[in-house]
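The chain contents come next:
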Amino acid sequence: MSAHAQREAAEIRERWLGRALSTLPADRPAAEAAISSLYDLIGLPPPRFHWAASPLTALATVPPGLGRAESLERVAEWPLPPRLIALRNELRRGLDAKVRGLQQPLDQLIRRTVQSPLLTSTGACLLQPLQRAHTGEFSWSNRWYESQLVPWIAHYDALRRVAGVVFTAEQLRQWELWATVAASCHWWWPAEHVCVVSERPVALHTEVSGDEGQVRLHHADGPALRYADGWALHSWHGTRVPAWVIAGPTAERIAAETNVEVRRCAIERLGWPEYVEQAGLRLVGTAPDPGNPGSELRLYDMRRETKVLVAVNGSVERDGRRRRYGLTVPGHFTDPLAAAGWTYGLSAEQYSRLLRRT
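Heads up: these notes are all about the structure in this document. Because the structure is predicted, anything quoted here is derived from the model rather than measured.

1. Description of helix 1 (residues 3–20)
In this model, helix 1 (18 residues) spans 26 Å end to end at C-alpha, consistent with the 26 Å of a helix rising 1.5 Å per residue. Looking only at helix 1, the buried set comprises Ala5, Ala9, Ile12, Arg13, Trp16, Leu17 and Ala20. Summarising the axial view, the buried residues of helix 1 lie within an arc of 135°, below the 170-degree limit, and thus occupy one face. For helix 1, the exposed residues set more than 90 degrees away from the buried face come down to His4 and Glu11. In this structure, the buried residues of helix 1 make contact with helix 5 (103–133), helix 7 (151–161), helix 8 (169–184) and strand 6 (215–217).

Here it is as structure tokens:
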């Protein structure tokens with residue numbers, strides 16, 4: 001792929017990521033018109049539309065015309081989603097058949113630079129919150145939800161614009177319908193006479209987490225994702241956490257937390273120096289870090305038969321800072337160098353000869 005084609009593909013990826021993570025109010029007329037046209041393609045009249053403020057509200061909704069025996073959480077078992085998925089799959093097969101010869105290397109590169117990063121980003125920022133909204137079992141392989149995400153739509157957009165794949169008029173029309181829905185609203189649940197559609201979030205905070213523009217939910221000062229009805233999710237560098245981790249982490253709350261990942265995030269949010277002070281951890285020893293010149297290793301008693309080694313990351317984070325982190329080590333260590341070496345499977349002497357740790 002030429003440098004120009006790579007830039008164009010990256011622009012397409014960023015444009016579709018922006019649409020997927022938009023916090024603008026849904027374009028209801030555009031969404032309803034496109035969904036109605038998809039209904040028409042499977043031989044059904046336009047449905048009534050029931051708009052919800054969030055996926056949580058939508059999944060708890062039984063709108064008029066949708067029988068109480070049906071649950072939005074079991075959408076994969078409804079009659080319409082498989083028919084719409086089949087419609088989409090037929091479109092994809094037809095478009096894939098057009099990729100021939102010199103276009104195939106471009107197709108593979110577009111999958112790596114457009115589709116794959118978007119799958120990572122939308123999975124982290126949209127599918128994970130949707131999983132949280134479900135009170136019952138949630139299937140990550142639910143093809144109905146996957147069909148609503150933008151990665152496949154962006155992939156064919158890039159094939160058309162970058163690789164020069166020519167769509168027929170009917171293929172372009174159907175692709176545009178799926179693209180319009182994805183760019184106009186949030187999740188939707190189609191039944192025969194009524195379609196439930198969720199509004200977008202009113203706030204969504206992310207951070208870059210990959211070299212191809214991947215992002216994940218993160219916000220250090222409040223909810224990473226918030227909807228107009230008040231439903232919100234907190235996230236620390238991509239890990240979903242309770243609100244207290246962001247709003248008021250304390251050593252006492254951290255000690256009472258049973259989830260290891262939540263504890264880790266809460267300590268990072270509080271900061272290791274503050275956590276050490278609040279928790280009253282006893283300093284066992286310090287040593288210059290040979291794997292990270294200018295930084296210090298600090299070994300603390302943490303709890304029975306366990307110590308914690310506090311170190312500074314050897315590489316610079318995306319914000320320009322070096323992250324301070326803690327590693328639990330067996331309680332018999334008294335030498336920070338030996339503890340640091342143990343985390344790498346090295347002796348204290350071997351670790352002391354490291355040139356630089358990353």
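Now that the structure is up, let's keep going.
2. Digging into the layout of surface pockets
Of the volumes computed, that of the second largest pocket is approximately 430 Å³. When contributions to the lining of the second largest pocket are tallied by element, the ones reaching two or more residues are helix 10 (251–256), helix 11 (260–270), helix 12 (272–279), strand 11 (296–303) and strand 13 (324–330). By residue class, the composition of the lining of the second largest pocket is 12 nonpolar, 2 polar and 6 charged.

3. With respect to the pattern of salt bridges
For the coordinates displayed, the defined rule picks out 16 salt bridges. Aspartate 157 serves as the salt-bridge partner of arginine 160, at 3.3 Å between the closest nitrogen and oxygen. Taken as a pair, arginine 160 and aspartate 157 lie in helix 7 at a separation of 3 residues, close to a single helical turn. Overall, arginine 160 belongs to the partly exposed group, its relative accessible area being 24%. A salt bridge links arginine 216 to glutamate 207, with the nearest nitrogen and oxygen atoms 2.6 Å apart. Classification of arginine 216 by relative accessible area gives partly exposed; the value is 29%. Relative accessible area serves as the criterion here: at 17%, glutamate 207 is assigned to the buried category. A cluster of three or more residues bridged by salt bridges with shared partners is formed by Arg13, Glu14 and Glu212.

4. Some words on the nonpolar core
Ranked by size, the top nonpolar core spans 76 residues in total, and within it Trp16, Tyr145, Trp178, Trp188 and Trp189 carry the most contacts. It is helix 5 that provides the largest number of residues to this core, a total of 9 residues. Once you skip the residues sitting within four places of it in the chain, tryptophan 178 turns out to touch Leu38, Leu84, Arg88, Leu91, Trp144, Ser147, Trp152, Ile153 and Trp188. In this structure, Trp236, Ala251, Cys265 and Leu281 belong to the second largest nonpolar core, which totals 19 residues.

5. What to know about the packing of helix 7 against helix 8
Two numbers describe how helix 7 lies on helix 8: the axes approach to 10 Å, and their chain directions differ by 135°. Accordingly, the angle class assigned to the pair helix 7 and helix 8 is oblique. Crossing angle aside, the handedness with which helix 7 passes helix 8 is left-handed. Between helix 7 and helix 8, the contacting residues are Trp152, Ile153, Tyr156, Asp157 and Arg160 on the first element and Leu172, Trp175, Trp178, Ala179 and Ala182 on the second.

6. Some words on the sheet that holds strand 2 (residues 188–190)
Within the open sheet, the 3 strands sit side by side as 1-3-2. Their pairing is mixed. Pairing within the sheet leaves two strands with one partner each, and these edge strands are strand 1 (48–52) and strand 2. Neighbour to neighbour, the strand axes of the sheet diverge by 15° on average, direction disregarded.

7. A word on empty space enclosed by the protein
Within the structure shown, the criterion is met by 2 cavities of 30 Å³ or more. Its boundaries defined by the atoms lining it, the largest cavity holds a volume of some 190 Å³. Residue lining of the largest cavity: 18 residues in total, with Leu126, Gln148, Ala182, Cys185 and His186 positioned closest to the centre. Mapped onto the lining of the largest cavity, the elements with two or more residues apiece are helix 1, helix 5, helix 6 (143–148) and helix 8. Tallying contributions element by element places helix 8 first for the lining of the largest cavity, with 3 residues. Residue composition of the lining of the largest cavity, by class: 11 nonpolar, 5 polar and 2 charged. Contributing to the lining of the second largest cavity are 10 residues, with Leu309, Tyr325, Ala340, Thr343 and Tyr344 lying nearest its centre.

8. Some points on the environment of threonine 239
The topology assignment puts threonine 239 in strand 9 (residues 239–241). Among the residues examined, threonine 239 registers a relative accessible area of 19% and is labelled buried. In this structure, the C-alpha to C-alpha distance between threonine 239 and glutamate 199, residues 40 residues apart in sequence, is 24 Å. Discounting chain neighbours no more than four positions away, the residues touching threonine 239 are His234, Glu261, Arg264 and Cys265.

Thresholds, definitions, all that
- Residues numbered from 1 in each chain as written.
- Predicted model: local features only at pLDDT ≥ 70, side-chain atom pairs only at ≥ 80, totals over all residues.
- Heavy atoms only, no water.
- Helix = DSSP H or I, 4+ residues; strand = E, 2+ residues; numbered from the N terminus.
- Expected span 1.5 Å × (residues − 1).
- Buried < 20%, exposed > 50% of the residue type's maximum accessible area, 1.4 Å probe, protein only.
- Arc of directions from axis to C-beta.
- Contact = heavy atoms within 4.5 Å.
- 1 Å grid on protein atoms, 1.4 Å probe; cavity = no way out; pocket = protein on both sides within 12 Å on 5 of 7 lines; lining within 4 Å.
- Points joined across faces, edges and corners; volume = space filled by probe spheres on them.
- Nonpolar A, V, L, I, M, F, W, Y, C, P; charged D, E, K, R; others polar.
- Salt bridge = Lys/Arg side-chain N within 4 Å of Asp/Glu carboxyl O.
- Core = buried A, V, L, I, M, F, W, Y, C linked by side-chain atoms within 4.5 Å.
- Axes fitted to C-alpha atoms, helices over the stretch in contact; angles between N-to-C directions.
- Parallel < 35°, antiparallel > 145°, perpendicular 65-115°, else oblique.
- Left-handed = near helix turned anticlockwise from the far one by under 90°.
- Pairing = 2+ DSSP bridges.

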